[in-house]
Amino acid sequence: MKKIVMVICDIFTLAFLAGGYMIQYFTRQKLGMIRWINFHTYKYQEVLPLDLLKHVAVSVVTILGVFVIWRFAKNRAVLRLIDKISGVIMVVLILLYFGFTVFVSIESTRAYYFIMSLLGMAALVQVIKNLIGTGTKGHEEK
């Protein structure tokens, strides 16, 4: 059951990353897509406090990532190589999400909020996947 959940999490992560790439690609290539992105971006900016939400989301993902890294350090003798590789991928995605959210703006990337949310979801799925992986490893040891 755990392997199935891990594969599903990887598929979701790849889908979120591919979706972010496709949104960026079509925003640059198609005029209709940029119009749609601009319309929804301005609509969301009027309704939601997006600056506050993006900082809260980055904080939550970072705190959960640190918690998973702490669990990795606690159970490192029991973890397999694939678990360690998955942890490195999680850290890279969290850093990518943090960097994109902090250093990129709506002026430089028109689909900023859409790509940021997809990167955040990819990082969150990896955090949940590693949280499940480290949680079951700790119980097998005891």
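These numbers were taken from a predicted model, which means no experiment stands behind them.

**Student:** Mind laying out the pattern of salt bridges, listing which residues take part and the relevant values?
**Tutor:** Under the criterion given, the structure shown has 3 salt bridges. Between K129 and D10 there is a salt bridge whose closest N-O contact spans 2.7 Å. Of this pair, K129 sits in helix α5 (residues 112-141) while D10 sits in helix α1 (residues 2-29), and the two are 119 residues apart along the sequence. Since its relative accessible area comes to 9%, K129 is described here as buried. In this structure D10 comes out as partly exposed when scored by relative accessible area, which is 30%. Close ionic contact of D51 with K54 constitutes a salt bridge, the shortest N to O distance being 3.8 Å. Residue D51 and its partner K54 are located together in helix α3 (residues 50-74), separated by 3 residues, close to a single helical turn. The class of D51 is partly exposed, set by a relative accessible area of 47%.

Basis of the calculations
Residues numbered from 1 in each chain as written. Predicted model: local features only at pLDDT ≥ 70, side-chain atom pairs only at ≥ 80, totals over all residues. Heavy atoms only, no water. Salt bridge = Lys/Arg side-chain N within 4 Å of Asp/Glu carboxyl O. Helix = DSSP H or I, 4+ residues; strand = E, 2+ residues; numbered from the N terminus. Buried < 20%, exposed > 50% of the residue type's maximum accessible area, 1.4 Å probe, protein only.

So yeah, pure geometry; function would need other evidence.
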